[in-house]
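Okay, here's what each chain looks like letter by letter:
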Amino acid sequence: MNFAMTAAAAALSLVASGPAGLQMTTAGYLADQDGMSLYIFDKDGPGTSNCYGGCAKSWPPLMASGNASAEGDFTLVTRRDGTLQWALDDQPLYYWVGDNKPGDTKSDGVGGTWHLAR
């Protein structure tokens, strides 16, 4: 393994585990148990998702099971259809369909409104 690959692997090391396998990477952003990056949307309000329809197809919400409960900084948002979505400090969490592998962060800064969850 070359130095660049070793550095990339180290950056994906996960620390500070949360519910549903959510973890803060050593690079300082939130990822799921598979290392896939999670994002927040500036147009959401505290505890409210404003990403539906085409938006949710591009940035799928990080869904929670119906029996999930808040844990520490991880909270739950009830979506319009009554399903639950994980949030960090009341900021709903999303994936980006363009991230293809663990460590991808392609949606950070998109439209000036999408950011890595930190």
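Attention in this report is confined to the structure presented alongside it. What you see is a predicted model; the values in this text were computed from it and never measured. (Residues numbered from 1 in each chain as written. Predicted model: local features only at pLDDT ≥ 70, side-chain atom pairs only at ≥ 80, totals over all residues. Heavy atoms only, no water.)

**Focus on the overall build of the protein chain**
Note the threshold: Going along the chain from the N terminus, every DSSP run of H or I of four or more residues is numbered as a helix, and every run of E of two or more is numbered as a strand. Summary of the burial criterion: residues with accessible area below 20% of their type's maximum are buried, those above 50% are exposed, and those between are partly exposed, where the area comes from a 1.4 Å probe applied to protein chains only. What makes two residues a contact is simply this: any of their non-hydrogen atoms within 4.5 Å. Each accessible area value is a Shrake-Rupley result obtained with a 1.4 Å probe; residue values ignore everything except the protein chains displayed when judging cover.
Each helix and strand in the protein chain was counted, giving two helices and nine strands. Listed N to C, the secondary structure of the protein chain is α-β-β-β-β-α-β-β-β-β-β in terms of helices and strands. Looking at the protein chain residue by residue over its 118 residues, the buried ones come to 40%. When contacts within the protein chain are restricted to residue pairs at least 6 apart in sequence, those whose partners lie at least 24 apart make up 52%. Accessible area for the protein chain stands at about 6000 Å²; split by element, carbon and sulfur atoms hold 55% of it.

**Quick word on the pattern of salt bridges**
Which entries qualify depends on this criterion: One speaks of a salt bridge when a side-chain nitrogen belonging to Lys or Arg is within 4 Å of a carboxyl oxygen belonging to Asp or Glu.
With the rule as written, the count across this model stands at two salt bridges. Among the ionic pairs, aspartate 104 bridges to lysine 101, the shortest N-O distance being 2.9 Å. For lysine 106, the salt bridge goes to aspartate 104, with nearest N and O atoms at 3.8 Å. Under the relative-accessibility criterion, aspartate 104 is labelled buried at 8%.

**Focus on the environment of leucine 84**
In this structure, leucine 84 sits in strand E7 (residues 84-88). When near neighbours in sequence (up to four residues on either side) are disregarded, leucine 84 contacts Met63, Ala64, Ser65, Gly66, Leu76, Val77 and Thr78.

**Considering the nonpolar core**
To be explicit about the condition: We define a nonpolar core as any set of buried Ala, Val, Leu, Ile, Met, Phe, Trp, Tyr and Cys residues linked to one another through side-chain atoms lying within 4.5 Å.
By size, the foremost hydrophobic cluster in this structure holds 13 residues, and its most contacted members are Leu22, Leu30, Leu38, Leu62, Phe74, Trp86 and Leu93. It is E7 that provides the largest number of residues to this core, a total of three residues. Among residues more than four places away in sequence, those in contact with leucine 30 are Leu22, Gln23, Met24, Met36, Ser37, Leu38, Phe74, Leu88, Leu93 and Ala117. Ranked by size, the runner-up nonpolar core spans ten residues in total, among them Tyr29, Tyr39, Trp114 and Leu116.

**Examining the packing of aromatic side chains**
Stated precisely, the cut-off is as follows: By convention, a stacked pair of Phe, Tyr or Trp rings (six-membered ring in the case of Trp) has centres within 6.5 Å and planes under 30 degrees apart, an edge-to-face pair has planes over 60 apart, and any other such pair is tilted.
A full pass over the atoms with the stated rule returns four aromatic pairs. Consider the rings of tryptophan 59 and tryptophan 96, whose centres lie 4.4 Å apart with planes at 35°: the pair is tilted. One end of the pair, tryptophan 59, is in the loop between helix H2 (54-58) and strand E5 (63-64); the other, tryptophan 96, is in the loop between strand E8 (91-92) and strand E9 (114-116), with 37 residues separating them in the sequence. With centroids separated by 5.1 Å and ring planes inclined at 85°, the aromatic side chains of tyrosine 94 and tryptophan 114 adopt a geometry described as edge-to-face. On the criterion of sequence distance, the pair formed by tyrosine 94 in the loop between E8 and E9 and tryptophan 114 in strand E9 is long-range, its members being 20 residues apart. Per residue, the accessibility class of tyrosine 94 equals that of tryptophan 114, and both read buried. Within the aromatic cluster, the residues linked to one another by ring pairs are Phe41, Trp59, Tyr94, Trp96 and Trp114.

**Details of the pairing of E7**
For clarity, the cut-off: Whether two strands pair depends on DSSP finding at least two bridges between them.
Among the five residues of E7, five are classified as buried, and the element is accordingly described as predominantly covered. Burial of E7 is two-sided: the residues Leu84, Trp86 and Leu88 facing one way and the residues Gln85 and Ala87 facing the other way are all buried. Pairing of E5 with E7, which is carried by two bridges, proceeds in the antiparallel orientation. Bridge assignment links methionine 63 to a residue of E7, and that residue is glutamine 85. The pairing of strand E6 (residues 74-78) with E7 spans five bridges and is antiparallel. Along E7, the bridge assignment pairs valine 77 with glutamine 85. Here E6 folds back onto E7 in antiparallel fashion, the turn holding five residues, of which glycine 82 has a positive phi close to 90°.

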